[in-house]
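Coordinates in review
What follows is each chain in one-letter form.
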Protein chains: 2
Amino acid sequence: MAKQNIYDNEIFFEGYQKLRERGVNANNLFEIPARYALLPDLKGLRVLDLGCGMGDDCREYIRRGAKEVVGIDISEKMLEAAKAKNADPGITYIRMPMEDLYKLEGGFDVVVSSLAIHYVEDYKGVIREVNRLLKKGGEFIFSQEHPVNSCYGGGERWTKDENGIKIYSNLANYGIEGERESTWFVDNVKKYHRMFSTVINDLIDAGFAIERLTEPVPTKELVAKYPDYYDLYHRPDFLLVKARKI
Amino acid sequence: MAKQNIYDNEIFFEGYQKLRERGVNANNLFEIPARYALLPDLKGLRVLDLGCGMGDDCREYIRRGAKEVVGIDISEKMLEAAKAKNADPGITYIRMPMEDLYKLEGGFDVVVSSLAIHYVEDYKGVIREVNRLLKKGGEFIFSQEHPVNSCYGGGERWTKDENGIKIYSNLANYGIEGERESTWFVDNVKKYHRMFSTVINDLIDAGFAIERLTEPVPTKELVAKYPDYYDLYHRPDFLLVKARKI
């Protein structure tokens, strides 16, 4: 099973760093608030962050009262940045692909993952391990590319009108699951498309109860301020899932 | 709250009857098999069918061993046809819109609904009543237009290439929920679009555990036989949900 590490590619890493530094982007406006809204009160809890990147979330979980945070990431560069800017006695950063979760000991109250799981081919295997790592009743909260987004495999993403306004998101191959190659700063970034039903059914089969789904769309106020995000009414970027180990 | 009864419109009813008589259509090939695959063993069970139409399913549920089937439908014409072609001592047909479920007594083991719930504006209200009508542990199994389909509100549904092959389903306004008017045999058929997350979250809030989702797509064999259904890889027509009263 491929363990993809695009983040240690120099060009990717620089592009990614710049993206994350910009204040106004879909992550900051939609993914982050939606994910934090799904989190339980973290006071005194043990948290595992899958694909922790530069550790901003790990530090925020500590700030919110988590007793201990373990952040794993496949990328050495990311973890170097995390240790430089988001070190904390309560945080342990471990270099590890999500496919190696079997090496970790369990007992976590919360497992969180932000926009990382669509890079994983073996979704079933990863969520089975997440289930094992959680205490009974523990929460798994993750975000991923929305299935109507992750199905993209080439061609034009949008149909525009004569004024250049996006009027349709071009949906294709939603029903064909599996690998997609795309360009995101660098060529050949591999992602894995799964239908909505697969995302949910596999969680149920892995021993989770579905608690909440979020497909963030902008408010009218936000669209008035940033008209570009009107597009998200046509096609949400993200899907967030909250599931409880039963 | 509007209770829509398009089925008693003469033109609609005739068109609908012909559609249902044809052997090869998306209902027969995808919706019906997917729905029956979600059903539990019906032997000795009490079943409620919401929007039972001409009663074909009610009779099939009896044939599969259901002790009692109650079929409700808003349309007098539909129920006349049901009583003429699908009468059975175990089946009771009641003329009633789904919004009037509060008039029924509970104790059902299974509630089923085929392609009717997207005509209902008050989804939350209906599923709350479905929950009340079920025994604890009882199953609610329904199909509806897929959310990437029900969001359609006008314009071209597909982008075709120069050979007339559908290459993109034109996704628009997925994130804007609510009423849609469409033409299906007659003008002004009202449907209600809900995002995937709303369909699921409202069920959870109404006291259900999500057990299984199905987004039927064709097999290769089926597409080889009926190439038109390749389109469903781009955009599934249906979403099916199985949920258990907890």
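This write-up is about the structure you can find in this document. (Residues numbered from 1 in each chain as written. Chains lettered and ligands numbered in written order. Predicted model: local features only at pLDDT ≥ 70, side-chain atom pairs only at ≥ 80, totals over all residues. Heavy atoms only, no water.)

Another aspect to go through is the pairing of strand 5 (residues 134-145) of chain A. Residues and elements named next belong to chain A. By the criterion of burial, strand 5 is predominantly enclosed, with nine of the 12 residues buried. As defined by bridge partners, strand 4 (residues 108-114) adjoins strand 5 across six bridges and the pair is classed as parallel. Bridge pairing in strand 5 links V111 to F140. In this region the chain leaves strand 4, passes through helix 5 (residues 123-133) and returns to the parallel neighbour strand 5; the handedness of that crossover is right-handed. (Buried < 20%, exposed > 50% of the residue type's maximum accessible area, 1.4 Å probe, protein only. Helix = DSSP H or I, 4+ residues; strand = E, 2+ residues; numbered from the N terminus. Pairing = 2+ DSSP bridges. Right-handed = clockwise from strand over helix to strand, strands pointing away.)

Once that is clear, we can look at the packing of aromatic side chains. All names here are of chain B. Applying the stated criterion to the full structure yields 13 aromatic pairs over all chains. Relative to F208, the ring of F140 lies with its centre 5.7 Å away and its plane at 40°, an arrangement referred to as tilted. Of the two residues, F140 sits in strand 5 (residues 134-145) while F208 sits in strand 10 (residues 208-214), which places them 68 residues apart along the sequence. By relative accessible area, which is 0% here, F140 ends up buried. Ring geometry for Y230 against Y233: centres 4.9 Å apart, planes inclined by 70°, an arrangement best described as edge-to-face. Judged by its relative accessible area of 35%, Y230 falls in the partly exposed class. Judged by relative accessible area, which is 10%, Y233 ranks as buried. Residue placement shows R46 over the ring face of F108; its charged tip is 4.4 Å from the ring centre. (Phe/Tyr/Trp six-rings, centres within 6.5 Å; stacked < 30°, edge-to-face > 60°. Lys NZ or Arg CZ within 6 Å of the ring centre and 35° of its normal.)

This paragraph deals with the environment of S114 of chain B. All names here are of chain B. Within the secondary structure layout, S114 lies in strand 4 (residues 108-114). Here S114 falls in the buried class, since its relative accessible area comes to 18%. Note: C-alpha distance between S114 and A26 (88 residues apart in sequence) is 13 Å. Discounting chain neighbours no more than four positions away, the residues touching S114 are E31, R35, L50, D57 and S143. Of the polar contacts made by the side chain of S114, one reaches the side chain of E31; its length is 3.0 Å. (Contact = heavy atoms within 4.5 Å. Polar contact = N/O pair within 3.5 Å; in protein donor to acceptor, adjacent residues only side chain to side chain.)

All names here are of chain A. Along the chain, R194 falls in the loop between strand 9 (186-193) and helix 7 (196-205). Accessibility expressed as a relative area gives 8% for R194, which makes it buried. Along the sequence, R194 and V130 sit 64 residues apart, while their C-alpha atoms lie 18 Å from each other. Among all residues touching R194, those that are not within four sequence positions of it are I117, H118, V120, E121, Y123, P147, S150, E177 and V199. In terms of polar contacts, R194 uses its side chain to reach the backbone carbonyl oxygen of I117, at 3.0 Å. A distance of 3.5 Å separates a polar side-chain atom of R194 from the backbone oxygen of E121.

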